[in-house]
Amino acid sequence: MIVSVRRAVAVCALGAALAACGTLRAPGTARPAASAPTLAPGPAGLTPVFTHGPRTRDRSVALTFDADMTADQGRRAAAGEHFDNPSLIATLRRMNVPATVFMTGRWADEYPAQARSIGRDPLFEVANHSYSHHAFTGHCYGLPTISPARMRADVERAYAAFRAAGVRDPLPYFRFPGGCYDRRALRELRTAGVTAVQWDVVSGDAFATDADAVARQVLKGVRPGSVVVLHCTRSAAPVTERALRTIVPELRHRGYRFVKVSHLIAAAGDGR
Ligand SMILES: [Zn+2]
C-alpha cells in the first residue's frame, strides 16, 4: 500500500509547527532530530509513506544508499567480510554528490568511525534502516521477521546506535528492510515519529556483478523527483561504486541535480 503524500506534508520547524509533526522529543531519548521536514500522518494516523518528490521541471533526484547489516552478521564481519564501502563514500565526496544513507544500527555498531564521518558530513544525511535488518512483515526476501511488539524498539535502538557512534541529528526517516511493510507495521511505528521512505527507482545493485547494467537500469528509471535505492555494502553490492561513476555524470548531463531525501520531502510540502 502506498499512502498518497501530496499535500500531506508538514514541514517541522522549531516552535509552533512542531506539534504538527508528531511527538515531541524528550531530551536524552534515542529519537531523531525534530527539525527535519516530515510528512503529516497518513490515514488513521498511520506512519506516512514517501515514495518520490514532485515531478516538476526542477530536475532533482535523490540517491539513497542502504547500509545493510543483519543483526547476526557480526561473525561474518569478524571473518573478513566487508559490509561497508569506503570507496563508495569517497566517490560521492569526490563528485560532490549529496546523498541519504539509510543505515542499520548494527552497521553503525560495526563501523562507528565511518558512521560518525558520514553522520557529520553536511554532504550526507543519515536515516534509519532499523537496527537488526529484520523484516517488518512476513515473507520479505527470506529475512528473519521481527515481532510487532518489537518494531518501534528496533527503530529506536538504531537511533541509539547512531548517537553512540557520534552521528549528529539523524533524520526521522525510516526505510523498511527489504522495503516490506503493511498496515500493521505502519500502525506499530505511528508513535516513532518517522516518515517511511520507499523509492520509485530500483537500481538492481544488490548482488549485481555488472556495473553497466546497474547504471542502465538507473538511467532508464530516473524522472524528476525520483528516489533511487542503492546500497552501501561491498558484501551485497560490489559494483555500486563503479556504476555511480557512470550514473552521476550522465544524470548531470541530462540536467539533473542531486539532493537529499529531506529536500524532496520539503519540496513536496511547498508544492514545488
Ligand atoms: Zn536493506
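Values in this document were obtained by computation on a predicted structure and should not be read as measured data. (Residues numbered from 1 in each chain as written. Predicted model: local features only at pLDDT ≥ 70, side-chain atom pairs only at ≥ 80, totals over all residues. Heavy atoms only, no water.)

### Considerations on the packing of helix α7 (residues 211-221) against helix α8 (residues 240-253)
Stage number 1. Remark: α7 packs on α8, axes separated minimally by 8 Å, with the N-to-C direction vectors making an angle of 30 degrees. For the pair α7 and α8, the sense of crossing is right-handed. Where α7 approaches α8, its residues A211, V214, A215, V218 and L219 are matched on the opposing element by R242, A243, T246, I247, E250 and L251.
Stage number 2. Looking at side-chain class alone, the contact of α7 with α8 contains 8 nonpolar, 1 polar and 2 charged residues. (Axes fitted to C-alpha atoms, helices over the stretch in contact; angles between N-to-C directions. Helix = DSSP H or I, 4+ residues; strand = E, 2+ residues; numbered from the N terminus. Left-handed = near helix turned anticlockwise from the far one by under 90°. Contact = heavy atoms within 4.5 Å. Nonpolar A, V, L, I, M, F, W, Y, C, P; charged D, E, K, R; others polar.)

### Focus on the coordination of the zinc ion
Stage number 1. In the first shell of the zinc ion, the protein supplies D68 (OD), D68 (OD), H129 (NE2) and H133 (NE2), at 2.0 to 2.7 Å from the metal.
Stage number 2. In this structure, the zinc ion is coordinated by 4 donor atoms arranged in irregular fashion, with angles at the metal of 52 to 137 degrees.
Stage number 3. Going along the chain, you hit the donors of the zinc ion in the pattern D-x60-H-x3-H. Of this pair, D68 sits in the loop between β4 (60-67) and α1 (74-78) while H129 sits in the loop between β6 (124-128) and α5 (148-165); the two residues are 61 residues apart in sequence, bridging distant segments of the chain. (Donors = N, O, S within 2.8 Å, 3.2 Å for Na, K, Ca; no water. Tetrahedral: all angles 85-135°; square planar, octahedral: opposite > 155°, others 65-115°.)

### Digging into the environment of E188
Stage number 1. By the element assignment, E188 lies in helix α6 (residues 183-188).
Stage number 2. Measuring from C-alpha to C-alpha, the distance between E188 and F136 comes to 9.7 Å, with 52 residues separating the pair along the chain.
Stage number 3. Aside from chain neighbours lying at most four places away, what touches E188 is P148, M151 and R152.

### Thoughts on the nonpolar core
Soluble, globular proteins show a tendency: their nonpolar side chains are buried together.
Stage number 1. Membership of the largest hydrophobic core comes to 64 residues, with the highest contact counts inside it found for L63, F65, M103, W107, F136 and F176.
Stage number 2. Ranked by residues supplied to this core, first place goes to α5 with 7 residues.
Stage number 3. Discounting residues that sit within four places of it in the chain, M103 has contacts with A67, A108, A115, I118, V126, A127, N128, H129, S130 and F162.
Stage number 4. With 15 residues, the next largest nonpolar core counts A62, F102, A127 and I265 among its residues. (Core = buried A, V, L, I, M, F, W, Y, C linked by side-chain atoms within 4.5 Å. Buried < 20%, exposed > 50% of the residue type's maximum accessible area, 1.4 Å probe, protein only.)

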